[in-house]
Amino acid sequence: MANSLPRSDDLEATWNFVEPGIGQILGRDGTPSSVLKRVDKVLSPTMYVEVYTAIYNYCVNKSSSTGQFNTDSRQSQNSILVGSEIYEKLKLYLKDYISKLTRDPEETFLQFYVRRWKRYTVGAIFLNHAFDYMNRYWVQKERSDGKRHIFDINTLCLMTWKEVMFNQNVDTLVKEILEQIRLQRDGEMIRQTDTTVAIRSFVALGIDPQDLKKLNLNVYIQYFEKPFLEETKNYYTMLSGEYLKAHSVTDYIFEAQRKIADEETKIVLYLDEHTKKPLSEALNLVLISQHAEVLQSEFIALLDSRDERKIETLYGLMQRDILLLPKLAQAYEEYVKNTGENEISKLLMTHKVANEAEEGGRKPNSNVIIPPNEYVKKLIEVYETFIKITRDCFQNDSLFTKALDNACRTFINTNEFAIPPGSPKSVTSKTPEMLAKYSDQLLKKSSRATDSTSEMSVDDIMTIFKFLTDKDAFESHYRRLFAKRLIHGTSTSEEDEENVIQRLQSENSMEYTGKITKMFQDIRLSKHLEKEFENAIKIAPDYNRSKYPDFQPFVLAETMWPFSYQEVDFKLPNELVPTYRGLEKLYTNKHNGRVLKWLWPLCRGEIKADIGKPGKPPFIFTVTLFQMAILLIFNERDVLTLEEIQDATNLNTQNIASSMIPFIKWKLVQQTPPGLDALMRPDTQFKLATPYRALKTRINFAAGVKGDVLGAVTKGDSSESQKIEKELNTERQIFLEACIVRIMKARRKLTHATLVNECIAQSHQRFNAKVSLIKKAIDNLISKEYLQRCDDGESYEYLA
């Protein structure tokens, strides 16, 4: 083989020797396509080795002739490393070779380009190996000397292709690529491999002469990506406009989703990673953003239909453009708020109609009463409808979760029933009161059917509680009803009560449930006191059960319980005096300095009445203490006048009348003369009906006492709701004053606006503090000399 090689110092002979091999490596034009695919099938191994050897011999010629190869000497290195002449000849050859490539008559330019590119790039790799010695020494030496126009042979092949083939035909190539992509978008079959190879050639031709290893996408971006994105926008702008003219918005939502999925799963396979994001942005712009108003208007219709699949699809489209989501969330918030308000208005109208029907259509009842369980369940129903949509359709997106919370907070606190139209700004919402009553229904024993309470739950209470703006109002109403359950023993169980208290505490704070917890403790301590008293009287020498009847005392902390003490002129029946004195003696001996104040109107008891037919079991009457005192007088006489009852009990006529009404209603007592007008006359007579006839042996007369039990100990003529409202405002004023003192003590000096904002923030967990209340609290503290106004007229200063 050595005898056939050219002389190593003869450039022309060497080039003439390797030129045929180079043509064979790159692939001569006219070679069948099936053969062009593999270089190793058309390249003789002997020829390949001879080409490599001839180039090697030429490059080391001077080194061989001088016998020197001193790499430490720069001058010697220059004389040894040669190759520029053969490099230039190869460069000219490549230009000539590429310029003479011809296209078959039946193929498009894209097909021709891809066919030749695939073969050319494979040949360039083999050619790079054939010139490996020159790459490693001469090319590397030239580039290290700063000659950035010198490349390794593979890169030279690519650069030459770009100069001769690509630059001259790029417009045609891009046009045909985009045409293929358009055909695929229209659903036609195309040669996907050609498109992929052509597009990837744009990436391969992006060569940075300064750093051959650095990825450069300038060619790809300039010649393909920009036209591709522009064509994409034009295509889908026209397509979306025509589709919306012929189809509904709902159909368009699914069509847009399908088109985007096709682009991001099929078309994207052709593209470089760099184009994925711009493509998504282009699709978002033309398919979503440009039709945002239409889609948002359809959003409301889809919410009306409650079609979760369509809502989820629309959200999936809209979330692609993050700038559109706030508007969509705002629309969602407004929709939920309106839906909640409308549902409560419908419920209110239903009960208005029912009231009018009961009144015989004579007059509408302006003060409509809605059962608490119906009201709360309606609120829960609306909330659960939209929490499911938020979870399933919006994947609990923070924007939509916040929108739902804001909407629920609004319609739960300020609907037509909670704050009727025309109410003053300072009025407190009825929702806390209704939720407290709902809680009472759930936690109180009831002899009636439990169909309505079976669907009630503590979770409902906590769901609505977290949206209340006036949590202090709920606490006030809940505490009053809780007090009734404790005093009357009507709670379903202590465990249920404790569960609610613990959940309220975890949702708000320990301070929030402080009074309620103390009430529970008072009841437990009272049970211990009951046992102590029972043990004490049993060892008394005069003990007998008739002298000391069963007795259950409740000793309550005055500041914790919702009972305002009012001294009542009342003479305790003689039968209860030993028990009364015994308990006071025991308690005062145990707790020195404490004073017991008896709340007579709250006392209840059971009395055995053997007034039925002979042989019948005695009746058991549940009565108030006042009723008990009246009935015990009938042990002495069968007929009593109002004046005689008053003398025996010291009660005023109002208390006697309210106590007698249930007796008269259930025919235990006969009134002479009858009628409400005569009920409070001193000479009116009351006769005990003996023998007494009733279907049940246990009768609760206490439940029939006119007016609320708690209302019996309130001063004045105001209703309980008005009283609670007044107490709330007083408590809020005290709370705000404490907040202001706490803030000012820490900060010493603050502007009016900052102080108001900090007060609102600190009171947020209890109630929605109104600015007018804060201003009043500030004025009160100034008058008490806790604060003073600064000279600037805008700030306050704390006075130590």
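Everything numeric in this text was worked out from a predicted model, so none of it was measured.

A. Region of interest: the sheet that holds strand S8 (residues 787-789). Read across the open sheet, the three strands follow the order S7-S9-S8; overall the sheet is antiparallel. Each edge of the open sheet carries a strand with a single partner, namely strand S7 (749-751) and S8. When the angles between neighbouring strand axes are averaged without regard to direction, this sheet yields 25°. The pairing of S8 with strand S9 (residues 795-798) spans three bridges and is antiparallel. Residue Arg-789 lies in a different strand from S9, and its bridge partner there is Tyr-796. Relative to the sheet, helix H31 (residues 752-763) contacts S7 and S9, its axis offset from that of S7 by approximately 95°. Contacts from helix H32 (residues 771-783) reach S8 and S9, with the element oriented near 105° to S8.

B. Inspection of the packing of aromatic side chains at higher detail. One pass over the full model with this rule turns up 48 aromatic pairs. Taken together, the ring pairs in this structure connect Trp-15, Tyr-93, Tyr-97, Phe-109, Phe-112, Tyr-113, Trp-117, Tyr-120 and Trp-161 into an aromatic cluster. In this structure, Arg-485 is placed above the aromatic ring of Tyr-478, and the distance from its NZ or CZ to the ring centre is 5.4 Å.

C. Representation of the pairing of strand S4 (residues 669-672). On S4, burial follows the alternation: Val-669 and Gln-671 on one face are buried, whereas Gln-670 and Thr-672 on the facing-out side are not. In the sheet, S4 pairs with strand S5 (residues 685-688) via four bridges, with the strands oriented antiparallel. Looking at S5, one finds that Gln-671 is bridged to Phe-686.

D. Geometry of the pattern of salt bridges. This model, assessed by the stated rule, comprises 45 salt bridges. Lys-377 is the partner of Asp-460 in a salt bridge, and the nearest nitrogen-oxygen pair spans 2.7 Å. Taken together, the positions of Asp-460 in helix H22 (residues 458-465) and Lys-377 in helix H18 (residues 372-392) put the pair 83 residues apart, joining distant regions of the chain. Accessibility expressed as a relative area gives 5% for Asp-460, which makes it buried.

E. How the structure looks around the confidence of the model for the protein. When pLDDT is averaged along the protein, the result is 84; 91% of the residues meet or exceed 70. Of all secondary-structure elements in the protein, the lowest mean pLDDT belongs to helix H6 (residues 74-80), at 43, while helix H19 (residues 398-413) reaches the highest, 95. Contacts from residues 708-718, a stretch scored under 50 in pLDDT, to residues over four places away or in other chains number 22 contacts.

F. Spotlight on the nonpolar core. Residues Tyr-113, Trp-161, Phe-202, Phe-224, Tyr-332 and Phe-474 are the most contacted members of the largest nonpolar core, which totals 157 residues. The element that contributes the greatest number of residues to this core is helix H10 (residues 153-185), accounting for 14 residues. Two domains each put at least three residues into this core: domain 1 (1-28 + 41-64 + 80-107 + 124-146) and domain 2 (430-449 + 470-598). The residues touching Phe-202, leaving out its near neighbours within four places in the chain, are Phe-166, Val-170, Leu-173, Val-174, Ile-177, Val-219, Tyr-220, Tyr-223 and Phe-224. Listed in part, the 45 residues of the second largest apolar core include Ile-656, Phe-686, Ala-689 and Ile-699.

G. Seen up close, the side chain of Thr-14. Looking at the secondary structure, you find Thr-14 in helix H1 (residues 11-26). There is a polar contact of 3.4 Å between the side chain of Thr-14 and the backbone oxygen of Arg-7. Sequence-distant contacts of Thr-14, that is, excluding residues within four places in its chain, are made with Pro-6, Arg-7, Ala-54, Tyr-58 and Ile-86.

H. A look at unusual backbone geometry. The residue after Thr-672, namely Pro-673, is reached through a cis peptide bond having omega -10°. Structurally, Pro-673 can be placed in the loop between S4 and S5. For the peptide bond that leads from Thr-690 to Pro-691, omega is -5°, which places it in the cis range. Relative to the helices and strands, Pro-691 resides in the loop between S5 and strand S6 (698-700). In this structure, Gln-395 is a non-glycine residue whose phi angle is positive, near 50°.

I. How the structure looks around the pairing of strand S1 (residues 604-609). Residues Gly-605, Ile-607 and Ala-609 point to one face of S1 and are all buried, whereas Arg-604, Glu-606 and Lys-608, pointing to the other face, are not buried. Across six bridges, S1 lies against strand S2 (residues 619-624) in antiparallel orientation. Directly across from Ile-607, in S2, lies its bridge partner Phe-621.

J. Region of the structure containing the domain arrangement of the protein. Under the domain assignment used here, the protein contains domain 1 (1-28 + 41-64 + 80-107 + 124-146), domain 2 (430-449 + 470-598), domain 3 (603-713) and domain 4 (720-798). Placing a centre on the C-alpha atoms of domain 2 and another on those of domain 3 gives a separation of 26 Å. Together, the buried faces of domain 2 and domain 3 total about 1,300 Å²; carbon and sulfur atoms form 67% of this surface. Per-residue buried area on domain 2 facing domain 3 is highest for His-488, Phe-570 and Lys-571; these three make up 36% of the total on that side. In this assembly, domain 2 and domain 3 are joined by zero salt bridges.

Parameters and conventions
Going along each chain's sequence as written, the residues are numbered from 1 onward. Reporting in this predicted model follows two pLDDT cut-offs: at least 70 for local features of residues, and 80 or more for side-chain atom pairs to be given and counted; totals over whole chains, interfaces and linings ignore these cut-offs and use all residues. Hydrogens and water molecules were not included; the side-chain quantities draw on all heavy atoms of the structure. At least two bridges found by DSSP between two strands is the condition for calling them paired. Strands are runs of DSSP state E lasting at least 2 residues, helices are runs of H or I lasting at least 4, and numbering of each runs from the N terminus. Lines fitted to C-alpha atoms define the axes here, with helix axes fitted over just the stretch in contact, and angles between the N-to-C directions of these axes take values from 0 to 180 degrees. A contact between two residues is defined here by any heavy atoms of the two lying within 4.5 Å. Working definition: a ring pair exists when centres of Phe, Tyr or Trp rings (six-membered ring for Trp) sit within 6.5 Å. Plane angles under 30 degrees give stacked, over 60 give edge-to-face, the rest tilted. Whether a charge sits over a ring comes down to the Lys NZ or Arg CZ being within 6 Å of the ring centre and within 35 degrees of the ring normal. Working definition: with a 1.4 Å probe on protein chains only, accessible area under 20% of the residue-type maximum means buried, over 50% means exposed, and in between means partly exposed. One speaks of a salt bridge when a side-chain nitrogen belonging to Lys or Arg is within 4 Å of a carboxyl oxygen belonging to Asp or Glu. Per-residue confidence from the predictor is reported as pLDDT, which spans 0 to 100. Among buried residues, the Ala, Val, Leu, Ile, Met, Phe, Trp, Tyr and Cys ones that are joined through side-chain atoms within 4.5 Å form a nonpolar core. Domain delimitation follows an automatic or database domain assignment. Distance and chemistry together define a polar contact, namely a pair of N or O atoms within 3.5 Å, with one atom able to donate a hydrogen and the other to accept it when in protein, and with adjacent residues in sequence counting only for side-chain atoms on both sides. Accessible area, probed at 1.4 Å, shrinks when two parts are joined; the buried area is that loss added up over both.

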